[in-house]
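Architecture and fold: a report
Here is what each chain is made of, one letter per residue.
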Amino acid sequence: PRLELEAAPPLSPFAELSEDDAVQISVHPVLPAVSVTLRDYVDQSETLSKLVLLGVDLSKLEQRPNVANMLLRLDFDADVKERLLFLKEVGVEETKLGPFLTKNPFILTESMEKLQARVSYLKVKKFSSEAIARMVSEAPFLLNFSVERLDNRLGFFQKQLGLNVQKTRDLVTRLPRLLCGSLEPVKENLKVCKIELGFQENEIQHIVTRVPKLLTANKKKLTGIFDYLHNTMGIPHSLIVKFPQVFNAKLLRIKERHLFLKQLGRAQYDPAEPNYVSLDRLVSLPDEEFCTAVAMASLEDFEMFQKTL
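Basis of the calculations
Residues numbered from 1 in each chain as written. Predicted model: local features only at pLDDT ≥ 70, side-chain atom pairs only at ≥ 80, totals over all residues. Heavy atoms only, no water. UniProt positions renumbered as here; feature names shortened; annotations may be inferred. Helix = DSSP H or I, 4+ residues; strand = E, 2+ residues; numbered from the N terminus. Buried < 20%, exposed > 50% of the residue type's maximum accessible area, 1.4 Å probe, protein only. Areas by Shrake-Rupley, 256 points an atom, 1.4 Å probe, with all protein chains shown as cover. Salt bridge = Lys/Arg side-chain N within 4 Å of Asp/Glu carboxyl O. Contact = heavy atoms within 4.5 Å. Polar contact = N/O pair within 3.5 Å; in protein donor to acceptor, adjacent residues only side chain to side chain. Patch = residues over 30% accessible without salt bridge, like charges linked within 9 Å, V, L, I, M, F, W, Y side chains within 5 Å. Lys, Arg positive; Asp, Glu negative; His and termini not counted. Charge placed at Lys NZ, Arg CZ, Asp CG, Glu CD. Phe/Tyr/Trp six-rings, centres within 6.5 Å; stacked < 30°, edge-to-face > 60°. Core = buried A, V, L, I, M, F, W, Y, C linked by side-chain atoms within 4.5 Å. Axes fitted to C-alpha atoms, helices over the stretch in contact; angles between N-to-C directions. Parallel < 35°, antiparallel > 145°, perpendicular 65-115°, else oblique. Left-handed = near helix turned anticlockwise from the far one by under 90°. Nonpolar A, V, L, I, M, F, W, Y, C, P; charged D, E, K, R; others polar.

Identification of the protein as Transcription termination factor 3, mitochondrial from Lepisosteus oculatus is taken from an unreviewed UniProt entry. Quoted straight from UniProt, the Sequence similarities (unreviewed entry) entry for the protein says "Belongs to the mTERF family." UniProt's Subcellular location (unreviewed entry) comment on the protein is quoted here verbatim: "Mitochondrion".

See below:
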């Protein structure tokens, strides 16, 4: 009789997750070679049936290589329970455990010792319990990374942006995925702000601490908004720095409102002149308030105007 060959072993559960692996995990869904779904195993597997009760989406997990195999080998009491309790202790809300594990099932194979060491590291770095809960909930892969890597990341942001310790903490608490993703887009955006957009170091510092998302924003969107504000509307760097949230706005919204004000003779963005319109009021007010308080026109007028563009 022919020898039955064992299936190739899955990735070692205790291997450190490299940056490349992490990127692949979250980016490339690969269809399983066999058409058997994880659902078929739910009845036989206590682990799977309990994960389903928690709200884990098996159909998403089975599109990823090795995950099905890994989950079927886990024992609920020995492997899963302790890690779920740990996540709850760290502050992941019960309702978020399902979505969390759907994104990052690999946390179930990380050693408890390493997971605890990573949380202890964040505590030593003076992150509050609330901050840690928020970071882990919003960036599910955070605790898959080694202490050395987390340390390097914090060092990178502190050094690159010239921030003090407190501001570095605030930055990654607000956008914890900065500790997980690739640094290339971040370096690229910092270069764009400095070289293409012409902001000074201290201005960049101010902008990213107000709008951390800028560090990972789409470069084309960034340059498009800046170009329109600076070159079409004539707004100097110093005023853009005062309201960096303008980079979160849609370019279309900025254009429509600017052109409407221009038609009304109210596009006045110099604070030294009367009837000054700040970027804040230009982009953040709802349409109705923008019309009555800034454009001194009716909402109908503005809606009619939008149709002509």
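That was the structure; now back to the text.
**What about the overall build of the protein?**
Tallying secondary structure elements over the protein gives 18 helices and zero strands in all. With 309 residues in all, the protein has 43% of them scored as buried. Of the roughly 17,300 Å² that the protein leaves accessible, carbon and sulfur atoms contribute 53%.

**Re the pattern of salt bridges**
Throughout the structure, instances matching the rule amount to nine salt bridges. The closest approach of N and O atoms between Glu 94 and Lys 88, which form a salt bridge, is 2.8 Å.

**Points about helix H10 (residues 165–174)**
Listed as buried for H10 are Thr 168, Arg 169, Leu 171, Val 172 and Thr 173. The elements touched by buried residues of H10 are helix H8 (129–138), helix H9 (147–161) and helix H12 (201–210). Where H10 begins, the capping side chain belongs to Asn 164, and its oxygen is found 3.2 Å from the backbone nitrogen of Gln 166.

**So, a negative patch on the surface**
On the surface, a cluster of negative charge is contributed by Glu 288, Glu 289, Glu 300, Asp 301 and Glu 303. Contributing elements (two or more residues each) for the negative patch: helix H17 (287–295) and helix H18 (299–308). Broken down by element, the negative patch gets its largest block of residues, three residues, from H18. Residue Glu 303 is classed as partly exposed on the basis of its relative accessible area, which comes to 39%.

**Comments concerning the packing of aromatic side chains**
One pass over the structure, following the stated rule, counts five aromatic pairs. Between Phe 260 and Phe 305, the ring centres sit 5.3 Å apart and the planes meet at 45°, which makes this aromatic pair tilted. Of this pair, Phe 260 sits in helix H15 (residues 251–263) while Phe 305 sits in helix H18; the two residues are 45 residues apart in sequence, bridging distant segments of the chain. The class for Phe 260 is buried, based on a relative accessible area of 2%. The class for Phe 305 is buried, based on a relative accessible area of 11%.

**Thoughts on unusual backbone geometry**
Negative phi is the rule for most residues except glycine; trans is the rule for most peptide bonds. One non-glycine residue with positive phi stands out, namely Lys 126, at about 65°. Along the chain, the position of Lys 126 falls in the loop between helix H7 (112–124) and H8. For Lys 126, a relative accessible area of 63% corresponds to the exposed category. The phi torsion at Met 296 lies on the positive side, around 55°, for a residue other than glycine.

**Section: a positive patch on the surface**
Together, Arg 177, Lys 213, Lys 221 and Lys 250 make up a positively charged patch on the protein surface. Tracing the sequence through the fold places Lys 250 in the loop between helix H14 (237–242) and H15. Looking at Lys 250, the relative accessible area reads 63%, which means it is exposed.

**As for the nonpolar core**
Phe 157, Ile 254, Leu 282 and Phe 290 are the most contacted members of the largest nonpolar core, which has 92 residues in total. The element best represented in this core is helix H5 (residues 76–90), accounting for six residues. Those residues in contact with Ile 254, other than ones at most four positions away along the chain, are Ile 225, Tyr 228, Leu 229, Met 233, Val 246, Ala 249, Leu 282 and Val 283.

**Some details on the packing of H15 against H18**
Axis separation between H15 and H18 bottoms out at 10 Å; the angle between their running directions is 110°. Classified by the interaxial angle, the pair formed by H15 and H18 is roughly perpendicular. Of the two elements, H15 crosses H18, and the hand of that crossing is right-handed. Note on element contacts: H18 touches H15 through Asp 301, Phe 302, Phe 305 and Gln 306, opposite Glu 256, Arg 257, Leu 259, Phe 260 and Gln 263. When the residues that make up the contact of H15 with H18 are grouped by side-chain class, the tally is four nonpolar, two polar and three charged.

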